[in-house]
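Examination of the molecular architecture
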Amino acid sequence: NSAWNYLGIAMTYQVQGKIQEAIDNYTRSIELNRDVPHKSVGAYKNRASCYKQVDNFKLAEADYLQLIRLDEQFFQEEKSPKTLSQLLEAYHAIGNFYRDHNLFESALENYNKIIESCANVSPNLLTFEILQKRISAHVQVGKICQDWKKDRKTFDVALDNYNHAINLLEAI
């Protein structure tokens, strides 16, 4: 499939630091997968990363949001540990993106989506990898709350999230 070829070429360019060439090839891969958009999730995620590298905030955010839309749709169609993991990874990626740009409320919103998603799914979908993503989300919420606002309520939220992470680790 030529879309996969463009994806591979783009990844090679990205590793080599040829970011514009990588973006062009990710774009071509996405275009070739128009009829099966869920096959473009890797291209959207990696292209967002490239846009982030060249400080193109708007296009990076747009790709992360499209990635989430595709992963949410794919998870609704096929509820499996793999599709849940991909969705959580998308929430984590945009959460990190917002955190790195000091948009802490948006970051918290996405990390909390990870926590809520894990709490609201069937136990048979909760693999070790998914529990790790949930623990990581609790830690990220804790870090942001600890560093962002220096008030008692926010410190309590941070402490609560650290305790959730510890309890999940102990349960594994």
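About the thresholds
- Residues numbered from 1 in each chain as written.
- Predicted model: local features only at pLDDT ≥ 70, side-chain atom pairs only at ≥ 80, totals over all residues.
- Heavy atoms only, no water.
- Salt bridge = Lys/Arg side-chain N within 4 Å of Asp/Glu carboxyl O.
- Helix = DSSP H or I, 4+ residues; strand = E, 2+ residues; numbered from the N terminus.
- Buried < 20%, exposed > 50% of the residue type's maximum accessible area, 1.4 Å probe, protein only.
- Axes fitted to C-alpha atoms, helices over the stretch in contact; angles between N-to-C directions.
- Parallel < 35°, antiparallel > 145°, perpendicular 65-115°, else oblique.
- Left-handed = near helix turned anticlockwise from the far one by under 90°.
- Contact = heavy atoms within 4.5 Å.
- pLDDT = per-residue confidence, 0-100.
- Phe/Tyr/Trp six-rings, centres within 6.5 Å; stacked < 30°, edge-to-face > 60°.
- Nonpolar A, V, L, I, M, F, W, Y, C, P; charged D, E, K, R; others polar.
- Core = buried A, V, L, I, M, F, W, Y, C linked by side-chain atoms within 4.5 Å.

1. Some thoughts on the pattern of salt bridges
For the structure shown, the criterion picks out 8 salt bridges. Close ionic contact of Asp63 with Arg47 constitutes a salt bridge, the shortest N to O distance being 2.6 Å. Taken as a pair, Asp63 in helix H4 (residues 57-77) and Arg47 in helix H3 (residues 41-53) lie far apart in primary sequence, 16 residues in all. Across the pair Asp100 and Arg99 runs a salt bridge whose closest N-O atoms are separated by 3.0 Å. Among the residues examined, Arg99 registers a relative accessible area of 24% and is labelled partly exposed. When salt bridges with common partners are traced through the structure, they connect Lys45, Glu89, Glu129 and Lys133 into a single cluster.

2. A short note on the packing of helix H7 (residues 128-148) against helix H8 (residues 152-171)
At a closest axis distance of 8 Å, the pairing of H7 and H8 adopts a crossing angle of 160 degrees. With respect to their mutual orientation, H7 and H8 come out roughly antiparallel. H8 is crossed by H7, and the crossing has left-handed handedness. Residue-level inspection shows Arg134, Ile135, His138, Val139, Val141, Gly142, Lys143, Cys145 and Gln146 of H7 in contact with H8, the latter providing Thr154, Phe155, Val157, Ala158, Asn161, Tyr162, His164, Ala165, Leu168 and Leu169.

3. Here's the deal with the confidence of the model for the chain
Put simply, the chain has an average pLDDT of 90, and 99% of its residues get 70 or more. For the chain, per-element mean pLDDT is lowest for H8, which scores 80, and highest for helix H2 (residues 19-32), which scores 97.

4. Notes on the packing of aromatic side chains
Within this structure, the stated rule accounts for 3 aromatic pairs. An angle of 20 degrees between the planes, with centres 5.0 Å apart, marks the rings of Phe57 and Phe97 as stacked. Of the two residues, Phe57 is situated in helix H4 and Phe97 in helix H5 (residues 81-100); the sequence distance between them amounts to 40 residues. When its relative accessible area of 24% is taken as the criterion, Phe57 is described as partly exposed. A centroid spacing of 5.8 Å and a plane angle of 55 degrees characterise the contact between Phe97 and Tyr98, whose relative ring orientation is tilted. In this pair, the class of Phe97 matches that of Tyr98, namely buried. Through a chain of ring-to-ring contacts, three or more aromatic side chains come together here, namely Phe57, Tyr64, Phe97 and Tyr98.

5. Considering the packing of H5 against H7
Running from amino to carboxyl end, H5 crosses H7 at an angle of 20 degrees, the nearest separation of the two axes being 10 Å. Considering their axes alone, H5 and H7 lie roughly parallel with respect to each other. Crossing geometry of H5 relative to H7 is assigned as left-handed. Across from Pro81, Leu84, Ser85, Leu88, Glu89, His92 and Arg99 in H5, the residues of H7 making contact are Glu129, Ile130, Lys133, Ser136, Gln140 and Ile144. Split into classes, the residues belonging to the contact of H5 with H7 amount to 5 nonpolar, 4 polar and 4 charged.

6. Here we look at the nonpolar core
Counting residues in each nonpolar core, the largest one holds 43 residues, and the members touching the most others are Tyr26, Tyr64, Leu84, Leu88 and Tyr111. For this core, the secondary-structure elements that each account for two or more residues are helix H1 (2-16), H2, H3, H4, H5, helix H6 (104-119) and H7. Beyond its immediate stretch of four places on either side in the chain, Tyr26 contacts Leu7, Ala10, Met11, Gln14, Ala43, Asn46, Arg47 and Cys50.

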